[in-house]
Amino acid sequence: MSFYEEDDAIGKVYDSRLAGRLLTYLRPYRLQVVASLLMMFAVAGLELVPTLIVRRAIDHQITPGQTDELPVLAAVFAATLACIFTLRFVQMYLMWWVGQHFMLDLRMQLFTHIQRMSVSFFDRNPVGRLVTRLTGDVQQIEMVISQGVVQILTNLLMVGAIVVVLYYLNWQLALIMTAFLIPLVYLVRIFAQAQRQAFRDQRMWMARINAYLNELITGVAIIQLFNRQRRNMEYFDQRNRGAFDANMRVLFWYAVFEPTVVIFNAVTLGTILWVGGMNVLDDALTFGTLVAFITFMQRFFWPIRELSERYTMIQGAMASAERIFGVLDEPEEVLDEEDARELEGVRGDIRFDHVSFAYNPGNWVLKDVDFTIPAGQKVAIVGATGAGKSTMMALLSRFYDVQQGEVLVDGVPIRELRQRWLRRHVGVMLQDPWVVSDTVEENIRLRDPSISTEQIHAAAEAVGAHSFIERLPEGYQTVLAERGANLSTGQKQLIALARVAAFNPAIVLVMDEATASIDPETEDIIQRGLNRVMAGRTAIIIAHRLNTIRSVDRIIVLHLGEVVEDGSHEQLMALGGIYARLYELQYQVQSATS
Amino acid sequence: MTTAELSADGSYARVVGSGGDRIFGYLKRYKWPYLAGFVALLGATVLALLPPLVVNWAVDDIDRTIRGVGGDIGAAGLLRYAALIAAIALAEGVLRYFSRWVVSGSSRRIEYGLREDLANHLLRLDQGFYVQARTGDLMSRLTNDLQAVRDFLGPTVVDITRSIVILVAGFAFMWAIDLRLTLIAFAYLPVVILLMAYFETNIEKRFFEVQDQIAELTERSQENISGIRAIKAYAQEDAEIRTFARENEEMRRRSMRLGKYEAALLPSMIVLTQGGTLLVLWFGGHDVVDGRISLGDFTQFFLILTILSSQLMAVGWIVASAQLGVVAIRRINEIFRTTSAIADGPHTTSHLRGDVEFQGVTVRFGAAEPILRDVSLRIAAGSTVAIVGATGQGKTTLVNLVPRLLDPVEGSVLVDGVDVREYRLDDLRQQVGFVPQESFLFSESLRENVSYGRQDASDEDYQGALDISQLSNDLQQLTQGLDTVIGERGMTLSGGQKQRAAIARALLKDPPVLILDDALSHVDTHTEEEILRRLRTYMRGRTTILIAHRTSTLRSADRIVVLEDGAIVEQGSHADLIARDGVYARIYREQLALESRSEDVDARLVEREHAPDTPADGEGGAP
């Protein structure tokens, strides 16, 4: 899902602050982690044993020409292998377990946190980005925990153990080998640096390819209709070629790195053979030790090589951690006050008490808006795009907090009410109905277990959605497709209406915008359903049609964030202001074309 | 380092071939690089097995020197061996570099070419394909799957070859020492292979279960976050958290099932390969004592086994990667095998009069109910026809047939008396101006979008198209006029603005046939009137097909065709049909009633009169 992101920021490999914070997630599983660490130590030691057995066999049995001790050595060898298998298996399984629990916890924390964020957070963060946080980013860290860290630690421990044993066996040779380690580490660092830049380019180009592909695929009909395959392919080719070039740079560093390590290995091997061989001639070293040295040498270098391979993995995980914590650190902007309360019941009185609001400081969207709507009244809000109509609705649901003034429900400032309680009593009919891929029933009750099947059916019947739902293949149990693709727009709106009815709110907010692509018949059904939902409730409608406007008790005209006119249709017509002019204009258009 | 090399051997040339042959075709195209790479790889791998032999010689020389039996190796002799090892490594390194650069380089060229081919192929597939395909899935095939194929044709193929060569060459080197011991050392190979097969089948199954669950979680997150406003509006956060927790827990369960096998794989491999060492120690030890082989031989045996083990350790990874590659190849071939149902015709044309005729056209997808049944309709060049009907009656399907976004299952569509399937696709579409229901614009400048169908348009043509579509009014509002970049990284246009841009784009093409599929649905009534008024002049001499609901649009048509349930139920002039008092009359009355009851309170009128620069409502601030 990271398709649209170009945030190709590559994190540091190690950031103590981030790492420390990640560690806190492991605290509940510290027993497992500690056990796993102890087993790692044991494994690092045990894995040296086979080579040491071979050394002993060469020196004490084979060279002197004896075989009496071989069965014992073989038995110890076999027993060691059994131990290694058991320890490694248990240790890896434990870390896998820890990684999975870590992932479960982090993802749940993140998801819960996202659910608690206010609407302005979602204005800033596109859907794709948040989905990536919840999936790809969490996974990336889990991978490092259950696989990366274990491998690296085991390997590092192994290198440590080998160094100890080598110095114990022959410190001069050991010194030579450790001396070779220094330039190798240096070399790996240089390559890693060069590779990083190439990787960054590669990722950037892939993101570009993705973004462009998305456009190609969604716009394919237009491309075909306008015969523009060639030109669009040219654009695509630029991106593809960019990715190719970056790819080749990555490959170059890989291709150079490998042989370098091979040559490095060989030089070390040659040196050991040369110096060690002379020591054997001088009787300062046994054959077995020489062979052990050569064997250990091979185990000695690959952890370093592997480390450079895991490097990108860890780097990616650190970047993911940073992004996840970035989300987790976002404070909730709209908070319940400590003594937030719930009311016994809701009458449905609404009051905007000199409310001013701005999304961005200084840029007022609502200016000193002041009106009262008594319970049960139906009010239409009329005004131009940008007049602040939908903002007013959002404030009533307390999606945002007002900067000046107060919004009150039943005389109580909504700041003092529990947000979720408030929203439960303010039903919103969105312009673009939200549909999940679940059954019709769950779509109406939004998975809220407190709403019974009977209530759902009654609600559907009330708004006139029942008959079409019954006609669906499995009625209320029909599973809707992604974004409700198997329903028409009108049917989706009917479901949204049934939803409002099922939740039985005291206040209904309706976003009623142009739905020109709906045929008159469906339009009519929706209109009737809407009327039924509004009946007996306080209702505010962002009205787009004169029809709706004529059926309400009162009209509020918003203009540039201010209430400029307020009254019934007749009153406003008599006033001869904006509303009247608007109405006249519409009327003229109508009569001109009739 | 890269581009120059690329053009030097002209590898941008694309392989033609159909279906599953495509990847094979590319391999054939790069057979020489691959061959050279594999020869180098063969050399490098054999060379990698040589140092143990040098160690063998050195050990035996030292052994003989110590025992004083026919040999006296000194520091110089040992240094020569050391130098020999370094020289071998140098040669090996060069060959390795060469083989990797050549083989992996070819795989990356293939990736490049395949991606180009795939994108090209996608652009030629018909709408029938896109109705079923999901964008995310297609994108994933062109990126993730292609990368898997590239890794398969590059590193994986190299590693497979290397593994085989190491096994064979290792066997040969060991055989040269002692066949019996070699056979013993290799005796455990079948066990390794069986074990690997066991793990692979188990891991694969569980791996895909985990992948499915990841997809499920992604889907859930996507759905939740896109609907967050509704969730908040109904205070259903807790219900959402509960649902998500269930899916998350399922993810953990599936991962743990996979974990059991993943955790056992590496330890098993370590133990098995070390088991081989144990066998050699036991039997080889006796061989040395019995004088069958020398101490040097024993050492060489031992070192070769170490090399073999480390290669075998990688086999698990290689198999996994190969599997991914094979699956990815299959998924990519699926796209290549999908051929467009819309094939190019032989007939070239540069200008059509615009006579459109549907002859007994039937359209259905698969076994479903037909969307259009036996529709026959003739639209004379230069006339305007409005198509009317409720949602889902087949209106869009009908107009899609003209530029061949779709072909009928039965019957045919004729333009100027020639079956549209006979025309060259490009020629046909060049003659049709089409404004689809959903106006799609590219994230480029508005100018590029409008001139999408015709770059050589004069300023006058531009002005004409902008005027008719009334887009000219919006230009002042845009910071950079026509050069404003729109879309994801630019300015967001309103639905009406997008539709007007789409109209301008179609008009600029200057087509003899113009199709407007509900193209004014997001445009306010007043502007719609303006557009229609101007369009009337433009439509003179052009065949126009309109899909519309609004009465004003309907009245402006020469003829009206009513579709119901995929069939034409009425047709004639507005007056005739009203007089007939049938389906159309009913629809018209309903629509008229709807319009008079609910005529838009046109926001833009207020805006124009009172507030030329109203600040935009907070983006997405609507509840």
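Conventions adopted
Residues numbered from 1 in each chain as written. Chains lettered and ligands numbered in written order. Predicted model: local features only at pLDDT ≥ 70, side-chain atom pairs only at ≥ 80, totals over all residues. Heavy atoms only, no water. Domains from an automatic or database assignment. Axes fitted to C-alpha atoms, helices over the stretch in contact; angles between N-to-C directions. Helix = DSSP H or I, 4+ residues; strand = E, 2+ residues; numbered from the N terminus. Contact = heavy atoms within 4.5 Å. Nonpolar A, V, L, I, M, F, W, Y, C, P; charged D, E, K, R; others polar. pLDDT = per-residue confidence, 0-100. Salt bridge = Lys/Arg side-chain N within 4 Å of Asp/Glu carboxyl O. Buried < 20%, exposed > 50% of the residue type's maximum accessible area, 1.4 Å probe, protein only. Pairing = 2+ DSSP bridges. Buried area = accessible area lost by both parts, 1.4 Å probe. Polar contact = N/O pair within 3.5 Å; in protein donor to acceptor, adjacent residues only side chain to side chain. Phe/Tyr/Trp six-rings, centres within 6.5 Å; stacked < 30°, edge-to-face > 60°. Patch = residues over 30% accessible without salt bridge, like charges linked within 9 Å, V, L, I, M, F, W, Y side chains within 5 Å. Areas by Shrake-Rupley, 256 points an atom, 1.4 Å probe, with all protein chains shown as cover. Expected span 1.5 Å × (residues − 1). Arc of directions from axis to C-beta. Core = buried A, V, L, I, M, F, W, Y, C linked by side-chain atoms within 4.5 Å.

A. The arrangement of the domain arrangement of chain A in detail. Per the domain assignment, the segments making up chain A are domain 1 (2–328) and domain 2 (350–593). If you average the C-alpha positions of domain 1 of chain A and of domain 2 of chain A, the two centres end up 55 Å apart.

B. Spatial organisation of the packing of helix α12 (residues 295–313) of chain B against helix α13 (residues 315–337) of chain B. Residues and elements named next belong to chain B. Contact geometry of α12 with α13 gives a least axis separation of 4 Å together with a crossing angle of 35 degrees. Between α12, through Gln311, Leu312 and Met313, and α13, the contact on the second element is made entirely by Val315, Gly316 and Ile318. Taken together, the residues of the contact of α12 with α13 sort by class into four nonpolar, two polar and no charged.

C. Main features of the confidence of the model for chain A. A residue-level look at chain A finds 91% of positions with pLDDT of 70 or above and a mean pLDDT of 83. A low-confidence stretch, residues 1–11 of chain A stays under pLDDT 50, and its non-local contacts, those more than four residues away or across chains, total 36 contacts.

D. How the structure looks around the pattern of salt bridges. The final tally for this structure, using the stated rule, is 60 salt bridges over all chains. Asp401(A) is paired through a salt bridge with Arg398(A); the nearest N and O atoms lie 2.7 Å apart. Classification of Arg398(A) as buried rests on a relative accessible area of 2%. Counted as one network, the salt bridges with shared partners bring together Arg116(A), Arg420(A), Arg423(A), Lys232(B), Glu237(B) and Asp238(B).

E. Seen up close, the sheet that holds strand β9 (residues 554–559) of chain A. All names here are of chain A. Strand order in the open sheet formed by six strands is β6-β7-β8-β3-β9-β10, with mixed pairing between adjacent strands. The sheet is open, and its two edges are formed by β6 (426–429) and β10 (562–567), each paired on a single side. Neighbouring strand axes in the sheet, compared pairwise and without regard to direction, differ in orientation by 20 degrees on average. Relative to strand β8 (residues 538–542), strand β3 (residues 378–383) is paired through four bridges, and the arrangement is parallel. Counted as the bridge partner of isoleucine 381 is isoleucine 542 from β8. Sitting on the sheet, helix α16 (residues 489–503) is in contact with β6 and β7 (507–511), with an inclination near 175 degrees to β6.

F. Layout of the interface of chain B and chain A. With 179 residues of chain B at the interface, the matching set in chain A holds 170 residues. Contact between chain B and chain A buries roughly 16,600 Å² in total, counting both sides, with carbon and sulfur atoms accounting for 68%. Taken together, the links from chain B to chain A amount to 10 salt bridges. A salt bridge links Arg100(B) to Glu258(A); the shortest N-O distance between them is 3.0 Å. The element best represented in the side of chain B that touches chain A is helix α11 (residues 237–289) of chain B, accounting for 36 residues. Looking at the side of chain B that touches chain A residue by residue, the class counts come to 81 nonpolar, 50 polar and 48 charged.

G. Broad picture of the side chain of Gln224(A). Along the chain, the position of Gln224(A) falls in helix α8 (residues 220–225). Classification of Gln224(A) as buried rests on a relative accessible area of 2%. At 2.8 Å, the side chain of Gln224(A) forms a polar contact with the backbone oxygen of Leu123(B). Setting aside residues no more than four positions away along its own chain, Gln224(A) makes contact with Gln229(A), Leu122(B), Leu123(B), Arg124(B), Leu125(B), Gln127(B), Leu405(B) and Arg429(B).

H. Geometry of the environment of Pro413(A). All names here are of chain A. When you line up the elements, proline 413 lands in strand β5 (residues 412–413). For proline 413, a relative accessible area of 15% translates into the label buried. Separated by 63 residues in the primary sequence, proline 413 and isoleucine 350 place their C-alpha atoms 9.9 Å from one another.

I. Quick peek at the sheet that holds strand β1 (residues 356–363) of chain B. All names here are of chain B. As summarised here, the arrangement of the four strands in space is β2-β1-β4-β5, forming an open sheet in which the pairing is antiparallel. Strands at the two margins of the open sheet, each flanked by one partner only, are β2 (372–379) and β5 (418–419). With five bridges joining them, β1 and strand β4 (residues 410–415) adopt antiparallel strand pairing. Bridge assignment links valine 356 to a residue of β4, and that residue is valine 415.

J. Molecular detail of the packing of aromatic side chains. The full count for this structure, using the stated rule, is 32 aromatic pairs over all chains. Measuring from ring centre to ring centre gives 3.8 Å for Phe111(A) and Phe244(B), while their planes differ by 0 degrees; the resulting arrangement is stacked. Remark: Phe244(B) occurs in helix α11 and Phe111(A) occurs in helix α4 (residues 70–116); the pair is interchain, linking two chains. Neither Phe111(A) nor Phe244(B) differs from the other in exposure class; each is buried. Measuring from ring centre to ring centre gives 5.6 Å for Phe357(A) and Tyr400(A), while their planes differ by 50 degrees; the resulting arrangement is tilted. One end of the pair, Phe357(A), is in strand β1 (residues 350–358); the other, Tyr400(A), is in the loop between α11 (389–396) and β4 (404–409), with 43 residues separating them in the sequence. What makes Phe357(A) buried here is its relative accessible area of 2%.

K. Quick look at the domain arrangement of chain B. Residue and element names in this part refer to chain B. When cut into domains, chain B gives domain 1 (17–178 + 320–341), domain 2 (342–431 + 512–523 + 544–611) and domain 3 (438–510). The straight-line distance from the C-alpha centre of domain 1 to that of domain 2 is 57 Å. Across the domain 1 to domain 2 interface the summed buried area is about 400 Å²; carbon plus sulfur atoms make up 56%. Put simply, domain 1 and domain 2 have zero salt bridges between them. In this structure, the connection of domain 1 to domain 2 is made through two residue pairs in polar contact (both at pLDDT 80 or more). Among the residues making up the side of domain 1 that touches domain 2, the classes are represented as one nonpolar, two polar and one charged.

L. Region of interest: a nonpolar patch on the surface. There is a patch of nonpolar side chains on the surface, built from Val34(A), Leu38(A) and Phe41(A) and spanning about 310 Å² of accessible area. Summarising the element assignment, Leu38(A) is placed in helix α2 (residues 30–46).

M. Geometry of helix α9 (residues 229–281) of chain A. Helix length check: α9(A) (53 residues) gives 76 Å between terminal C-alpha atoms against 78 Å at 1.5 Å per residue, within 8%. One or two positions beyond α9(A), positive phi appears at Asp283(A), with a value near 65 degrees.

N. Local environment of the environment of Phe186(B). All names here are of chain B. With respect to the helices and strands, phenylalanine 186 occurs in helix α8 (residues 179–186). With relative accessibility at 13%, the residue phenylalanine 186 sits in the buried group. With 255 residues separating them in the primary sequence, phenylalanine 186 and leucine 441 have C-alpha atoms 64 Å apart.

O. Structural view of α2(A). Residue and element names in this part refer to chain A. With 17 residues, α2 should reach 24 Å at 1.5 Å per residue; the first-to-last C-alpha distance of 24 Å fits that figure. Of all the residues in α2, the buried ones are Val33, Ser36, Met39, Met40, Val43 and Ala44. For α2, the arc enclosing every buried residue in end-on projection is 140 degrees, short of the 170-degree limit, so these residues lie on one face. Exposed and facing more than 90 degrees away from the buried side of α2 are Arg30, Leu31, Leu38 and Phe41. Where α2 is buried, its residues meet α4 and α6 (127–169).

P. Highlighting the side chain of Thr384(B). In this structure, Thr384(B) sits in strand β3 (residues 384–388). Sequence-distant contacts of Thr384(B), that is, excluding residues within four places in its chain, are made with Met539(B), Thr544(B), Leu546(B), Ala557(B), Asp558(B) and Arg559(B).

Q. Spotlight on the nonpolar core. Residues and elements named next belong to chain A. Within the largest apolar cluster, 90 residues are counted, with the highest numbers of intra-cluster contacts made by Phe352, Ile444, Ile469 and Ile555. It is α16 that contributes the most residues to this core, nine residues altogether. With residues near it in sequence (within four places) discarded, phenylalanine 352 still touches Val369, Asp370, Phe371, Met392, Leu395, Leu396, Glu406 and Val407.

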